[in-house]
Structures are given as structure tokens and as C-alpha cells.
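# Survey of secondary and tertiary structure
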Amino acid sequence: GTLLWSNAGTTGSITVTTGGAYTVTQTSGGCTSVAGSATAAPLAIPSTPAVTVVNNCGNSVLSTTAPGTLLWSNAGTTGSITVTTGGAYTVTQTSGGCTSVAGSATAAPLVIPSVSLGTITSPMCINNPSVTLVGNPSGGIYSGTGVTGGNFNPSVAGSGTFTLTYNYTAVNTCSASATQSVTVDLCTGVTESTSNLVSVYPNPANDLINIVLDASLINNTRIEIYDGIGKLVASEKVNNESTTININSFENGIYTLRVISSNKQIVSRVVKN
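Anyway, here's the lowdown on the structure attached to this text. Nothing here was measured: the structure is a model prediction, and the numbers come from that model. (Residues numbered from 1 in each chain as written. Predicted model: local features only at pLDDT ≥ 70, side-chain atom pairs only at ≥ 80, totals over all residues. Heavy atoms only, no water.)

Once that is clear, we can look at the overall build of the protein chain. The helix and strand inventory of the protein chain stands at 1 helix and 27 strands. In terms of overall dimensions, the protein chain is more spread out than a globule: its C-alpha atoms have a radius of gyration of 40 Å, far above the 19 Å expected for 273 residues. Viewed in the frame of its principal axes, the protein chain has a C-alpha envelope of about 135 × 35 × 25 Å. Nonlocal contacts in the protein chain, meaning residues at least 24 apart in sequence, comprise 47% of its contacts between residues at least 6 apart. Of the accessible surface of the protein chain, which amounts to about 14,900 Å², a share of 51% is contributed by carbon and sulfur atoms. Distance from the positive charge centre (7 side chains) to the negative charge centre (9 side chains) of the protein chain: 5 Å. (Helix = DSSP H or I, 4+ residues; strand = E, 2+ residues; numbered from the N terminus. Rg over C-alpha atoms; globule rule 2.2 N^0.38 Å. Contact = heavy atoms within 4.5 Å. Areas by Shrake-Rupley, 256 points an atom, 1.4 Å probe, with all protein chains shown as cover. Lys, Arg positive; Asp, Glu negative; His and termini not counted. Charge placed at Lys NZ, Arg CZ, Asp CG, Glu CD.)

Next comes the structure, spelled out in C-alpha cells:
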């Protein structure tokens, strides 16, 4: 028949968003039926999830505390996702068979700087001059055995293979580092401290060390002492075969003694104990 619903609808079905009783009559041949009725109880749609973002170096963490079954736009289903690509991400929650409107947030991971350390020719001789280190971008910090400021001193490092590191921190607080290995050899022309040209005693020492040089070394000679991180802690020009240096104020540890004359460089280790 001709239908009339209590909300004025006239079709075979009506869609309502408000719960309650609804009625419908049919009219046929000029006569109208008793009203039929039913009660509507729409299921509640979950609220839109609220999303928070924490942008870290190289990634962003997006989180929600929504209680339903979650589905992120990257297919994640947990309360938080970690992404490495910036952009908008959405999440819906499903509860009682109903799915919410999607909540969204924009990820913007902080950029990790690209860092490099210029190559040092290796192997190098222990008596080679200091090498200036070149890190890119500039403004970072150099570290490693034999490194002082932005220079690598092979005579301070001694013979062996060492790892040099350059660490750079960008204005966004993200940092990265680059490393390289360098090998230092004794090479021809460098006399080891085990020879009789240099004598250091006592060693280990507590306050005074005596340095006795062969007469062949007394020619515009300088004695330098470096600490474990390559810092020059003592320097003295000598013209005599015997020299005494006070190391009482030094911290306990291993120091590098460098004897530099016009025709030789000799490296030795001194222990302050």
C-alpha cells in the first residue's frame, strides 16, 4: 500500500540516527491500517582517535590512546608506530562493529647529517709532521690516539694502527660520525727508544725523570712530553746530555716522550705512577 512513517517517510525503508520507537501505516483502497512499530537503537560510532607525534633524529613516533581495534594508514595495528618518512599518517579505531572517523598527524623526522672524514695517506712514518684532519661539515670534534684539536701527530700516537673519529652535531641536535684507520710505522731513520741513544730513568717515575742523551743528539734538540690524548704537557729545549724534568703535577698514566734533534727523532714511553 501507500506507506507513511512517523518521521514522514513514504518509502519501504527509512534510515534514522536517533534511537526510539518508529511507526508506519499503509493505506490501500482508501483504508488505512493500524500502525506497525519498531524501536531503533543505532550503534555508537567510536570517537576520532587523537594522535601525538614525537620527531626524533631519523624517525618519528606517532601514538594514540584510543581503546578500540586500531588500523594505521601504514597498516600498523598497535598504539604507536615509528616511521622514517615524513608526511601525514591516519588511524581509525573500530569498536562494537563500528569504525571511527580517521585521526591524523604529520610526521617530520629530524634529518641526520651526512658526515665524512678526509682520507689520510697510510701507512705513514712516525717522524712525519702532523696531518691536518678535514671533516665535513666543518665544526665537529676529532678524537683518537695522537689527535690534538684538528691534527693527527704520528710521533705522539706511536707505531701501530689507530682509528680516528670525526663527530658532527647539526643545529637540529642530530649527530653522526665518520671514522678511518691510519697506520704508523717506525720507518728508516727513526731510532727506537730501546737503543742506547736515549736513557730515561726512573721509569715508572713519581716526580722527576732523568733523560740522558747520546752526544750525537746534542744539536738543537728539544724534548716534548704528550699525555694520553695527545696534549703537549711539557716542552724543553736542551743543550746538555743530561736533563731532568719534573712530572710531579702530571696525572698517573702513560706519556709519550719525544726527543727531536736536527738529525733524529726518538719516541719513548714514560709511565707516571
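Once the structure has been displayed, the description carries forward.
The next subject is unusual backbone geometry. Cis geometry is adopted by the peptide bond preceding P123, which originates at S122 and carries an omega value of 5 degrees. Inspection of the secondary structure puts P123 in the loop between β12 (116–117) and β13 (124–125). Backbone geometry places A8, a non-glycine residue, at a positive phi of 80 degrees. Along the chain, A8 falls in the loop between β1 (2–5) and β2 (20–28).

A separate point is the pairing of strand β8 (residues 80–83). Looking along a regular strand, one sees side chains alternate from face to face of the sheet. Side chains of β8 alternate between two faces, with I81 and V83 buried and S80 and T82 left unburied. Of the strand pairs in this sheet, strand β6 (residues 59–63) and β8 are connected by 4 bridges, and their pairing is antiparallel. Across the sheet, the residue bridging to L62 is I81, located in β8. (Buried < 20%, exposed > 50% of the residue type's maximum accessible area, 1.4 Å probe, protein only. Pairing = 2+ DSSP bridges.)

Moving on, we come to the state of the cysteines. Following the criterion strictly, the structure yields 1 disulfide and no others. Sulfur-sulfur distance for the disulfide between C57 and C174 comes to 2.0 Å. Taking the sign of the torsion about the S-S bond as the criterion, the disulfide between C57 and C174, at about -100 degrees, is left-handed. On the criterion of sequence distance, the pair formed by C57 in the loop between β5 (52–56) and β6 and C174 in the loop between β19 (160–169) and β20 (175–185) is long-range, its members being 117 residues apart. For C174, a relative accessible area of 1% corresponds to the buried category. (Disulfide = S-S within 2.5 Å.)

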